[in-house]
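# Reading the structure
Okay, here's what each chain looks like letter by letter:
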Amino acid sequence: MISHIVRRVLQSFAVLAAMSVLVFAGVYAVGSPMDILVNPQADQNEIARATAALGLDRPLPEQYFIFIGRALTGDLGKSFAFNVPAIGLILERMPATLELATAAMLIAVLLGIPLGLWAGLKPRSGAGKAIMAVSILGFSLPTFWVGLMLILVFSVWLGWLPTSGRGPTANLLGVPVSFLTLEGLRHLVLPTANLALFNLSLVIRLTRSGTREAIGQDYVRFARAKGLTETRVVGVHVLRNVLVPVVTVAGVEFGSVIAFAVVTESIFAWPGMGKLLIDSINVLDRPVIVAYLCIVVALFVAINLAVDLAYSWIDPRVRLGEAR
Amino acid sequence: MRLVRILVAGSLLWTLPVRGADLRIGLAADVTSMDPHFLSIAPNINIAWHVFDALTHVDEDARLVPGLAVSWRAVDATTWEFRLRRGVRFHDGTELTAEDVLFSIERTSQVPGGQFRTFTQRILGKEIVDAHTLRFKTATPYAMLPYDLNSVFVVSKKAAARSGAEDFDSGKAMIGTGPFRFVRFARGDRVELARNDSYWGAQGGKSAAWEKVIFRIVPTDPARLAGLLSGEFDAIEQVPTADLARIRRDARMQIAQKVSWRTIFFYLDQYRDRAPGLADKAGRPLERNPFRDLRVRRALSKALNRQAIAERLMDRAAIPASNLVSPPVFGHAQDLAPELYDPDGAKRLLAEAGYPEGFAMTLSATNNRYVNDEQIAQAAAQMLARVGVRARVEALPVNAYLPKGRKGEFAFAMFGWGSFSGDLALRALVATANADKGFGTFNWSGYSNPRVDELLERAFSSVDERKREALARDAMRLAMRDYAVIPLHHQVTTWAMRKPIAYAPRTDEFTFAHHFRVP
């Protein structure tokens with residue numbers, strides 16, 4: 001167990017190093033941020049001075065090693081656009097994204113598993129078919145369009161919910177959150193629904209196909225033959241087997257929902273990390289891009305680790321650390 | 001987006017919530033910092049103008065008017081004297097003095113990464129004559145100082161000394177003399193302001209109709225519009241041209257429009273013997289650069305139907321351009337008329353220049369910077385095709401576009417420029433590149449005309465405004481007759497708001513809460 005975790009952490013450092021080289025070279029290939037952020041009234045000397053002040057006039061390898069040197073002391077640089085440390089900027093935006101992503105995944109899992117089970121157990125019923133139809137729509141409609149439609153129907157036509165923004169926040173252990181106030185909740189509903197739709201559909205389909213497979217298996221028939229109640233058969237024997245792929249996918253998807261909720265955050269002007277990433281790419285704000293991706297890599301490593309641990313709990317055959 | 005429009009158009013009428021003296025505005029671009037001496041980008045400056053003032057202001061037509069300075073004059077060829085307004089108080093109650101102005105000017109060169117040094121670097125000597133009089137010395141006669149100081153916000157020395165970016169973002173150092181006091185900045189989300197009831201510009205009345213102003217940052221166009229339609233915002237800026245008709249039809253809404261200082265034009269490579277992307281129709285690279293021939297430049301200009309682009313593609317939110325600056329702006333030469341659409345004349349000129357069969361080129365443009373930029377490029381390419389010039393459109397996001405432009409990778413490319421005087425625009429875009437003089441910083445067409453340069457130098461050293469404007473116009477005429485660049489149109493900026501609120505629209509595109517009124 002311990003050796004497994006240590007191995008994972010070491011792997012993640014290798015990934016971080018490779019990623020930082022790629023991002024550095026990539027942003028450098030696009031061009032100098034000075035060309036975008038420059039004051040149009042500035043003269044050539046002023047532009048050269050500003051470029052030198054940010055160290056952007058040096059050769060790429062030199063810039064990279066300066067960055068690595070500082071990064072090892074925990075300093076990932078200051079944002080060119082916001083004039084504050086990149087890490088602080090990202091951490092400031094993180095609660096908004098985490099809240100949105102958590103709410104979306106909760107909806108996806110808590111609604112998706114029961115609906116998927118239902119559709120799997122009674123595939124020919126009207127409800128089962130309806131559930132599948134909705135999940136197909138959820139898969140195929142583009143997030144951007146769905147977001148606009150949600151705004152149109154619930155904000156513009158019905159006037160029930162706000163169109164955008166995060167609304168007032170309350171502090172929970174020093175972290176600003178929306179879900180503690182009614183107004184905050186109202187702001188949370190539409191973006192959450194928008195973000196949850198795809199994953200809800202995904203979980204429904206996974207659960208359904210897993211259920212369909214499981215109920216034909218010998219152990220389920222055997223459990224039924226033993227005279228166990230349907231609740232126990234489905235709730236324990238079927239569900240446990242169904243959950244393994246669902247947990248994997250939900251874990252991976254949770255990571256992507258946090259890291260790349262860009263579309264939803266942009267449409268609803270949600271002040272989260274995804275929007276920060278897009279804004280930063282637009283002005284080639286390299287410190288923020290690099291810091292952001294470092295955090296995302298770390299996040300994915302942590303989530304994958306959590307998924308592995310969850311596996312071994314759900315499926316006793318999986319033993320961490322024994323695999324060679 | 002089109003679908004949204006159709007669906008929204010079918011929406012039912014309902015009553016908008018009536019709010020008290022709050023104004024909620026949807027902004028189109030992200031505000032990155034509160035520090036008024038950090039980045040010189042429009043969203044940041046827009047907010048700064050609410051909390052701070054500068055020595056000189058500009059009016060709705062982008063003309064210079066008194067601000068914190070009631071008057072200024074050139075004492076001698078290299079000395080400017082500014083007289084400060086008396087009795088102006090900062091938001092913390094302290095009185096504005098020459099010390100604060102001096103401190104603000106010095107601060108522009110001390111902020112790490114700050115871009116406002118550009119506006120103060122020519123000031124070599126600073127002298128406080130008395131608490132309300134300042135003198136600035138420049139090395140050479142420099143007429144632009146009052147213009148440059150329009151960009152230097154005056155902060156309170158007491159509040160801003162030893163303050164960093166964080167202190168401005170938190171509000172600790174956000175003490176200005178402007179019409180609004182700073183309340184809160186939530187990055188990526190909103191800026192909240194409250195009225196300054198003792199604003200000097202209010203002249204006994206109220207500085208604004210609004211006690212509280214909330215700027216919400218909503219860069220996605222449909223979401224910003226939805227916010228207005230649902231009553232969440234009282235006003236929004238930068239309405240997409242595709243939605244103009246829809247808002248005009250809505251009885252609850254009204255729009256305010258004004259020609260912007262932003263001019264859209266094409267620059268063409270005139271300095272290299274061979275320019276990238278130029279070939280004959282068979283694909284063989286051209287032996288010589290056709291853009292160096294005035295007849296070819298004129299032909300390409302005649303091939304563009306500016307009227308059609310302005311009316312149809314821009315939904316009339318543009319006016320055809322003949323100048324590098326728009327009509328209200330200082331130095332606009334009114335006698336220049338937009339080039340008339342004349343495809344036959346264009347073909348004749350091309351044949352005369354030795355290109356009866358035309359040629360092929362790459363037309364480079366942005367796809368997320370100027371209003372409808374990519375569509376304009378496509379339309380221009382089709383118009384050029386009609387006179388035999390085959391243009392392949394290459395549209396790039398601005399973050400990839402500008403670095404390529406600076407490296408000289410484009411031969412024929414779209415560009416946009418906003419400037420509050422003609423000589424400033426010419427200095428950046430068509431003057432012969434010279435780092436020490438600050439000429440030609442964005443002269444990516446490589447145009448060079450010693451006579452234009454000379455006129456500009458004379459304009460910048462002429463402290464007599466009338467003489468300076470005449471010189472700026474002369475330089476404009478020369479450059480435009482040479483087709484140094486091919487001007488296309490001036491954008492028209494649009495604000496939309498719910499009735500009965502009205503806005504006094506501005507050429508500089510800024511969205512000022514204190515200029516929204518209820519008649």
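Rules and cut-offs
- Residues numbered from 1 in each chain as written.
- Chains lettered and ligands numbered in written order.
- Predicted model: local features only at pLDDT ≥ 70, side-chain atom pairs only at ≥ 80, totals over all residues.
- Helix = DSSP H or I, 4+ residues; strand = E, 2+ residues; numbered from the N terminus.
- Rg over C-alpha atoms; globule rule 2.2 N^0.38 Å.
- Buried ≥ 20, exposed ≤ 12 C-beta atoms within 10 Å, placed from the backbone.
- Contact = placed C-beta atoms within 7 Å.
- Axes fitted to C-alpha atoms, helices over the stretch in contact; angles between N-to-C directions.
- Parallel < 35°, antiparallel > 145°, perpendicular 65-115°, else oblique.
- Left-handed = near helix turned anticlockwise from the far one by under 90°.
- Nonpolar A, V, L, I, M, F, W, Y, C, P; charged D, E, K, R; others polar.
- Core = buried A, V, L, I, M, F, W, Y, C linked by C-beta atoms within 7 Å.
- Pairing = 2+ DSSP bridges.
- pLDDT = per-residue confidence, 0-100.

## Section: the overall build of chain B
Scanning chain B from N- to C-terminus turns up 16 helices and 21 strands. Taking 2.2 N^0.38 as the reference for a compact globule, 519 residues should give roughly 24 Å; the C-alpha atoms of chain B span a radius of gyration of 24 Å, in line with that estimate. The principal-axis extent of the C-alpha atoms belonging to chain B is close to 75 × 65 × 40 Å. Split into buried and exposed, the 519 residues of chain B put 54% on the buried side. Relative to all contacts within chain B whose residues are 6 or more apart in sequence, the contacts with residues 24 or more apart total 70%.

## Quick notes on the packing of helix 12 (residues 273-282) of chain A against helix 13 (residues 286-314) of chain A
In a pair of packed helices, the angle between the axes and the distance between the axes together describe the arrangement. All names here are of chain A. Closest axis-to-axis distance for the helix 12/helix 13 pair is 8 Å, and the angle between their directions is 140 degrees. By the angle class used here, helix 12 and helix 13 are oblique. As helix 12 runs across helix 13, the sense of the crossing is left-handed. Counting all contacts with helix 12, which are made through Met273, Leu276, Leu277, Ser280 and Ile281, the residues of helix 13 involved are Val288, Ile289 and Tyr292. In terms of residue class, the contact of helix 12 with helix 13 is built from 7 nonpolar, 1 polar and no charged.

## Focus: the nonpolar core
Counting 235 residues, the largest nonpolar core has Val203 of chain A together with Phe266, Leu426 and Ala475 of chain B as the members making the most contacts within it. Of all the elements, helix 5 (residues 86-121) of chain A adds the most residues to this core, at 16 residues. Among all residues touching Leu426 of chain B, those that are not within four sequence positions of it are Leu324, Ala431, Val452, Leu456, Ala475, Met476 and Ala479 of chain B.

## A closer look at the pairing of strand 1 (residues 22-27) of chain B
Along any regular strand, the residues point their side chains to alternate faces of the sheet. Residue and element names in this part refer to chain B. The buried fraction of strand 1 amounts to 5 of the 6 residues, a majority that puts the element mostly inside the structure. In this structure, strand 1 lies alongside strand 12 (residues 212-217), joined through 6 bridges in parallel fashion. Directly across from Leu27, in strand 12, lies its bridge partner Ile217. Note that strand 1 and strand 13 (residues 235-237) share 2 bridges and pair parallel. Its bridge partner lying in strand 13, Gly26 is registered against Ile236.

## Comments concerning the environment of Lys129 of chain A
Looking at where Lys129 of chain A falls in the secondary structure, it is placed in helix 6 (residues 126-140). Through-space distance from the C-alpha of Lys129 of chain A to that of Arg212 of chain A is 14 Å; in sequence the pair is 83 residues apart.

## Details of the interface of chain B and chain A
Between chain B and chain A, the contact holds 45 residues from the first and 45 residues from the second. Contributions of two or more residues to the side of chain B that touches chain A are made by helix 1 (2-9), helix 6 (165-170), strand 12, helix 7 (221-229) and helix 13 (398-406) of chain B. Ranked by the residues each element gives to the side of chain B that touches chain A, the list is headed by helix 13 of chain B, at 7 residues. Across the side of chain B that touches chain A, the residue classes break down as 21 nonpolar, 14 polar and 10 charged.

## Thoughts on unusual backbone geometry
Residue and element names in this part refer to chain B. The peptide bond linking Lys499 to Pro500 adopts the cis configuration, its omega dihedral lying at 5 degrees. On the secondary structure map, Pro500 appears in the loop between strand 19 (485-498) and strand 20 (502-503). Positioned with a positive phi, Arg162 is a non-glycine residue whose angle comes to about 60 degrees. Mapped onto the elements, Arg162 comes out in the loop between helix 5 (157-160) and helix 6.

## Things to note about the sheet that holds strand 7 (residues 123-130) of chain B
Residues and elements named next belong to chain B. If you walk across this open sheet you meet the 4 strands as 5-6-8-7, and the pairing is antiparallel. Bordering the open sheet on either side are strand 5 (69-76) and strand 7, each of which pairs with just one other strand. Between one strand axis and the next, the sheet turns by 20 degrees as a mean value, whatever way the strands run. Of the strand pairs in this sheet, strand 5 and strand 6 (residues 79-84) are connected by 6 bridges, and their pairing is antiparallel. The partner of Ser71 across the bridge, within strand 6, is Arg83. Most of the contacts of helix 3 (residues 98-107) go to strand 7, to which it runs at about 170 degrees, and overall it touches strand 6, strand 7 and strand 8 (133-138).

## As for the packing of helix 1 (residues 2-30) of chain A against helix 13 of chain A
Residue and element names in this part refer to chain A. The contact between helix 1 and helix 13 brings their axes to 10 Å, and the two run at 155 degrees. Put simply, helix 1 runs roughly antiparallel to helix 13. Once helix 1 is placed against helix 13, the crossing between them reads as right-handed. On the side of helix 1, the interface is formed by Ile5, Arg8, Ser12, Val15, Leu16, Met19, Ser20, Val23, Phe24 and Val27, while helix 13 contributes Arg286, Ile289, Val290, Leu293, Cys294, Val297, Ala298, Val301 and Leu305.

## Considerations on the confidence of the model for chain B
When pLDDT drops low, the exact placement of atoms in the prediction is not to be read closely. All names here are of chain B. The predicted model of chain B averages 91 in pLDDT, with 96% of residues at 70 or higher. Confidence over residues 6-19 falls short of pLDDT 50; this stretch has 14 contacts with residues more than four positions distant or in other chains. The complex prediction reports pTM at 0.87, with the ipTM value standing at 0.83.

## Some details on the pairing of strand 19 of chain B
All names here are of chain B. Counted residue by residue, strand 19 has 13 buried out of 14 residues, so it is predominantly covered. One ladder, built from 3 bridges, connects strand 13 with strand 19; its direction is antiparallel. In the sheet register, Ala235 faces strand 19, and the bridge partner there is Met497. Here strand 14 (residues 253-268) runs beside strand 19; their pairing, made up of 12 bridges, is antiparallel. Each residue of the ladder has a partner; that of Gln254, found in strand 19, is Met497.

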